[in-house]
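# Observations on chain architecture
Chain by chain, the residues:
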Amino acid sequence: MAVTKSTSALSTSLQALTLAALSLPGLMPLNVHGAEDDVNLLYGYYEEGNRNLSGTKSRFKPITANSIAGTTNIKLSDRVKLGFNYDQDTWSGATPIATAPLAFGGNGGNGLGRVIGGATPYLQNSNVLFNKQLLPLNNAGTQNKQLVQTISSASPEVRNQGNFKLGYEWDESELDVAGGISEENDYHSRFGNITGRWDFNQKLTTLNLGLSYTNSDTSAILDHDATPYIWETSSGFNAFNTSNHNFQLAKNSGNTLLSGNRQDWRPTLSLTQILNENALIVGSVGYANSSGYMANPYKAVELAYIAPGQTGDILTGKTIGLLEERPNLRNQWTENLHYAQNITGLDAALHFDYSFSHDDWAVNAHTFQSDWVQPISNGWTITPKIRYYSQSAASFYTPYLVTMQSPSFIYNASGAITGQTFNASKLPSYYSSDQRLSAFGTLSGGLTLSKQFVKGVSFEASAEYYTHQGSLKLGGGGEDAYADYNSYMVNGVLKVDLSSLSTVINRIKTSNDNLSLSFLGTDDTSHAEHDHSHHNDHDSQENHSGHDHHTSPAGVMFSHMLNKSGDAMVGVRYMRDTQGGNTLQGSNSVSDQTIANNGCGGKRCYDTATMMNMNMIMLDLMYAPSDWMTLMLMPQFVDMNMSSRAIGSPLASTPENFDLQQIINHHTLHEHTTGGIGDTGMYAMFKLLNQSNQKLHGTLGLSAPTGAVDIKFRDTHGIDIGYQHYGMQLGSGTWDFKPSITYTGNKNKYSWGAQLNGTKRLEDSNASGYALGDIFQSTAWGSYSLLDWLSTSIRGVYTAQGTIKGQYNGTYNPLGPVDYTSNSGGRYWDVGFGINAFVPSGRLQGNSFSFEWLQPVNDDVNGYQLPRSGALSATWGYGF
Amino acid sequence: MRITQQKLLIALLTICLSFSGCTTVAPWQRGTLAKPQMAPDPHPVRNTYQTHIYNSREATTGMSSAGGGGCGCN
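Reading guide: rules and limits
In this numbering scheme, every chain counts its residues from 1 along its sequence in written order. As a convention, the first chain written is A and the first ligand written is 1, with the rest following in written order. Local features in a predicted model are, by the rule used here, given only for residues with pLDDT of at least 70; side-chain atom pairs are given and counted only at 80 or more, and totals for whole chains, interfaces and linings are based on all residues. Here a strand is any run of E in DSSP of at least two residues, a helix any run of H or I of at least four, and the numbering for each starts at the N terminus. Counts of 20 or more other C-beta atoms within 10 Å of a residue's own C-beta define buried residues, counts of 12 or fewer define exposed ones, and intermediate counts define partly exposed ones; C-beta atoms are placed from the backbone. The contact rule is simple: place each C-beta atom from the backbone, and if two of them lie within 7 Å, those residues are in contact. Note that Gly is not counted as nonpolar here; it falls among the polar residues with everything else outside the nonpolar set of Ala, Val, Leu, Ile, Met, Phe, Trp, Tyr, Cys and Pro and the charged set of Asp, Glu, Lys and Arg. In this description, strands pair whenever DSSP reports at least two bridges between them. A set of buried residues qualifies as a nonpolar core if it consists of Ala, Val, Leu, Ile, Met, Phe, Trp, Tyr and Cys joined through C-beta atoms within 7 Å. Delimitation of the domains relies on an automatic or database domain assignment. Take the number of residues in a helix, subtract one, and multiply by 1.5 Å to get its expected span. pLDDT: the predictor's confidence for each residue, scored from 0 to 100.

### Things to note about the overall build of chain B
Counting secondary structure elements, chain B contains two helices and zero strands. The proportion of buried residues among the 74 residues of chain B is 45%.

See the structure below:
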């Protein structure tokens, strides 16, 4: 400890110098950012503003997206680097699916007599009017060219992506191989790339070459409300527009499934040149060859048929929705120029980017971006940013289509169109109404504020406001204002440089012997001198193993405090809870008939859950303002998915049962997902007993209701289904009190602990009308250290949770046991098996990892619920 | 238009390469270039996120290399 205290200022400057030296072009490739060993964690939020629907007020919220990303880079040896990346996006809300003249009235109702405030995607089977110039007329025969978007909402969806990178460095070159997968319910992508770097000209010039390949499958379940675009022929299902397909349609368990494949090849070349002591320039060229299904399965194009031979000033037509058709080949070129200039005197850097992109879809796009990176003082940096983007329209973009022909419609008994035949040769080969292919410009501005803390930890927060307007297109001629919208995005980034602290300390030590710059991990004797909160109060193996913090099971929260004032810790905690199998009543599984008759509070159950998974990613931020108190902030990101199946006898097919049957189908034919920010925990931990081999601490905590409790299903058949199940909401919705008391002890290679914790809801109901049950939990564990750095643990857990109070106060369609509050809470017994490891020395010193599998022993549930299958916990922590 | 742009880029790259013949910035003169604010991408994590959003709302994919990214269907 004394080493660092007395040299903290020196350490900081040495650290800066060391990093600066490492960052010298040539010593470290210019295209590689960050430290040698680092962890970056990002949270981002994106939200669009309301669309202009020409007077119709949409009851759907605009689209929002929550994103998290974690990246880690580790140097396996002097020349071998390994990187991992994980991303998750969750989005929900409404976006445009088509465009039509306001006079068509397509955005106002669904034709079934229900009032839907703007709107359901009812696009077909409307009678419309035109004048002789084929301009749309309203019902009174007055010309009205105003266009309006048709908005449709989507249930929450989640995308997960994982990828890796392996790199090998030579003195003047580097080769990286990378690959990964991205998974959504309707889009599955696999990709790989290889990049090479070569420094030459005394390392003033760097050449980067890359080649990447992506193979993506679309498998989209088409909107129930869009299925009228699809009709059944003798040869199977087909879209109304059958001319140019690079996708397949099929019926799958009652759903209409659209599937297609696309492949992308992308070679890139870039050249970085140091111009002088204060400036550098990067020139890049990229080419992308894309082939296959590149359309959007959820977008439609509105088509109006006008029968030829009509006389008079007013022509009548009929509208239908078509799936969009895009070419199955796209060649895109991008040229980019980046210039960075140091502003001497201000110690700032001006970055300027210009990109020009053009393709054989006729989309020409210009992007200008400038960042002014201004270091202030004390590690603070502020970066204002401005960006302008402009694109021309794709050659096949059209807001809607008109065709002079009379199709042959096929009607069902109730008068709805179920099929049609028409002359496709009278339509363009390709058409899309996706506004992203229209002509427009965007202007955005933002600010990034970053703070470099000591010991290699930094935090960065950014906000950007973005406006999309047809009138902003370079040179004019953009889409009309009906398609304009605004959005904003904010994000926070936590960066942990795992090597910087160790680098600096090791540098201090080795500089006492000689002045050579040494990398870490080469000198194990430096371990005893490291100022490390994990180690500074013990030097022996026994003390390592006895440290509660390295031996507590991964699933135990609040298991340790920080040692002394000024210590800090950053960690990530992942927990996955799984449920599945036969529904239980109490501790016994019951038949479907029993569930159907008794599981829904005296009403009939129509479905029952078959599985449910919950993933939680928590950020642990700990800081000790004094020796006896540790503060802890714990934001969470959660996602859930759930499947159900129908039970009991099928409903009679009557008009009265139509809506109910559609809602049952919606529940049982789709897996449901939700995700986003969960509740945020804030805790204060107090040392009550602090002996060398026994410790006791108490924790007082509050959980803030930052997780959503108002997540709803999307409409189906124009029916508002209302709230998702209670268990699929992201938080409790109430302020919760979370106290706990924890005891830990150790002797030789053994350590043990016990904890009591509780959750008391401080409010009777949340904004959606209910409050989750209180929780009490007790747990005890024992641990044995197999090696200096490795230990195993076993523990027992008993948990009791009360039932949900109150119920949803808005539209809600309960169908199964999960929808009734009496079927919540219970008493649970588990046994846990864990393994813990920490890195005692070397470049990655201070990192700890732990895993635990929690195996259910017995469930005694209230009412009717799915049994638990088990829970996985994994944690990473870095103390400094 | 396209040919003009490509020619412009080739010209720029040629200029870059030509610098390699005449510029001399010794390693000990590169201290300014090594500052974090002079990194070619001073906010890489932020930019990766923001580019992901731009790509889902604009018709071009820019220079971003391969990598899932989803279909941006919404």
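### A few points about the overall build of chain A
Each helix and strand counted, chain A has six helices and 45 strands in total. Split into buried and exposed, the 880 residues of chain A put 47% on the buried side. Taking as baseline every contact in chain A between residues at least 6 positions apart, the subset at least 24 positions apart corresponds to 70%.

### Describing the interface of chain A and chain B
Listed as interface residues are 97 residues of chain A and, on the opposing side, 48 residues of chain B. Among the residues forming the side of chain A that touches chain B, the class breakdown is 39 nonpolar, 46 polar and twelve charged.

### Looking at the sheet that holds strand β15 (residues 300–306) of chain A
Strands belonging to one sheet form pairs held by backbone hydrogen bonds; the direction of such a pair is parallel or antiparallel. Residue and element names in this part refer to chain A. Strands sit in the order β5-β4-β16-β15-β21 across an open sheet of five strands; the sheet is mixed. The outermost strands of the open sheet, each flanked by one partner alone, are β5 (136–137) and β21 (401–403). Examined bridge by bridge, strand β4 (residues 127–130) and β5 share two bridges and lie antiparallel to one another. Looking at β5, one finds that L129 is bridged to L137.

### Thoughts on the nonpolar core
Residue and element names in this part refer to chain A. Of all hydrophobic cores here, the largest spans 48 residues; its most connected members are L42, V496, M612, M640 and Y878. By residue number, the principal contributor to this core is strand β30 (residues 607–626), which donates seven residues. Domain assignment of the residues forming this core places at least three in each of domain 1 (2–499) and domain 2 (532–879). When residues no more than four places from it in sequence are discounted, the contact partners of M640 are M612, N613, M614, T673, T674, G675 and M728. By size, the runner-up hydrophobic cluster in this structure holds 33 residues, among which are A103, L222, V301 and Y305.

### Examining helix α6 (residues 658–669) of chain A
In this model α6(A) runs 16 Å from its N-terminal to its C-terminal C-alpha over twelve residues, within 8% of the 16 Å that 1.5 Å per residue would give. Buried residues belonging to α6(A) abut β30 and β32 (636–646) of chain A.

### So, helix α2 (residues 44–57) of chain B
Over its 14 residues, α2(B) extends 20 Å from the first C-alpha to the last, a length consistent with the 20 Å expected when each residue adds 1.5 Å. Looking at α2(B), one finds that the buried residues are B:V45, B:R46, B:T48, B:Y49, B:Q50, B:H52, B:I53 and B:Y54. Elements that come into contact with the buried residues of α2(B) comprise β1 (38–48), β2 (64–75), β24 (440–452), β25 (457–469) and β26 (485–497) of chain A.

### Focus: the confidence of the model for chain B
On average, residues of chain B score 74 in pLDDT, and 51% of them reach the 70 mark or higher. Of the two predicted TM-score estimates for the complex, the pTM is 0.82 and the ipTM is 0.82.

### Regarding the pairing of strand β9 (residues 205–221) of chain A
Residues and elements named next belong to chain A. Across 14 bridges, the pairing between strand β8 (residues 187–200) and β9 is antiparallel. Within the sheet, the bridge partner assigned to T195 lies in β9 and is G210. Hairpin connection from β8 to β9: four residues lie between these consecutive antiparallel strands, with N201 at a positive phi of about 55 degrees. Of the strand pairs in this sheet, β9 and strand β13 (residues 255–276) are connected by 17 bridges, and their pairing is antiparallel. Bridge pairing in β13 places I221 opposite L257.

### Examining unusual backbone geometry
All names here are of chain A. Even without being a glycine, N201 presents a positive backbone phi close to 55 degrees. Locating N201 in the fold gives a position in the loop between β8 and β9. You can call N201 partly exposed: it has 17 C-beta atoms within 10 Å. With a phi angle near 60 degrees, K203 is a residue other than glycine that sits in the positive phi range. Relative to the elements of secondary structure, K203 occurs in the loop between β8 and β9. Given 19 C-beta atoms within a 10 Å radius, K203 is considered partly exposed.

### Here's the deal with the pairing of strand β18 (residues 348–359) of chain A
Residue and element names in this part refer to chain A. Sheet analysis places strand β17 (residues 329–343) next to β18, joined by twelve bridges and oriented antiparallel. When the bridges of β18 are listed, W333 appears paired with H358. Hairpin geometry of β17 and β18 is characterised by an intervening segment of four residues between the two adjacent antiparallel strands and by a positive phi of about 100 degrees at G345. Bridge analysis of β18 against strand β19 (residues 364–375) gives ten bridges, and the strand direction is antiparallel. Note that in β19 the partner of H358 across the bridge is N364. Hairpin connection, β18 to β19: the antiparallel pair is bridged by four residues, and A362 has positive phi, about 75 degrees.

### Quick notes on the environment of A:T64
All names here are of chain A. Relative to the helices and strands, T64 is located in strand β2. Take T64: there are 17 C-beta atoms within 10 Å of it, and that puts it in the partly exposed class. Taking the C-alpha atoms as reference points, T64 and Y488, separated by 424 residues in sequence, lie 9.8 Å from one another. Leave out the neighbours within four places in its chain, and T64 touches Y46, E47, W91, S92 and G93.

### Details of the environment of A:L815
All names here are of chain A. Tracing the backbone shows L815 in the loop between β42 (805–806) and β43 (826–838). Along the backbone, L815 and S783 are 32 residues apart, and their C-alpha atoms lie at a distance of 46 Å. Apart from residues no more than four positions distant in its own chain, L815 is found in contact with Y606, D607, I663, I664 and H667.

### Describing the environment of A:G832
Mapped onto the elements of the fold, A:G832 is located in strand β43. Spatially, the C-alpha atoms of A:G832 and A:N336 are 54 Å apart, while their sequence positions differ by 496 residues.

### A closer look at the confidence of the model for chain A
Residues and elements named next belong to chain A. On average, chain A scores 83 in pLDDT, and the residues at 70 or more come to 83%. In this model residues 1–35 is a low-confidence stretch, pLDDT under 50, and it forms 55 contacts with partners more than four residues away in sequence or in other chains. Ignoring residues within four places in sequence, the model shows residues 503–547, a span with pLDDT below 50, making 69 contacts including any to other chains.

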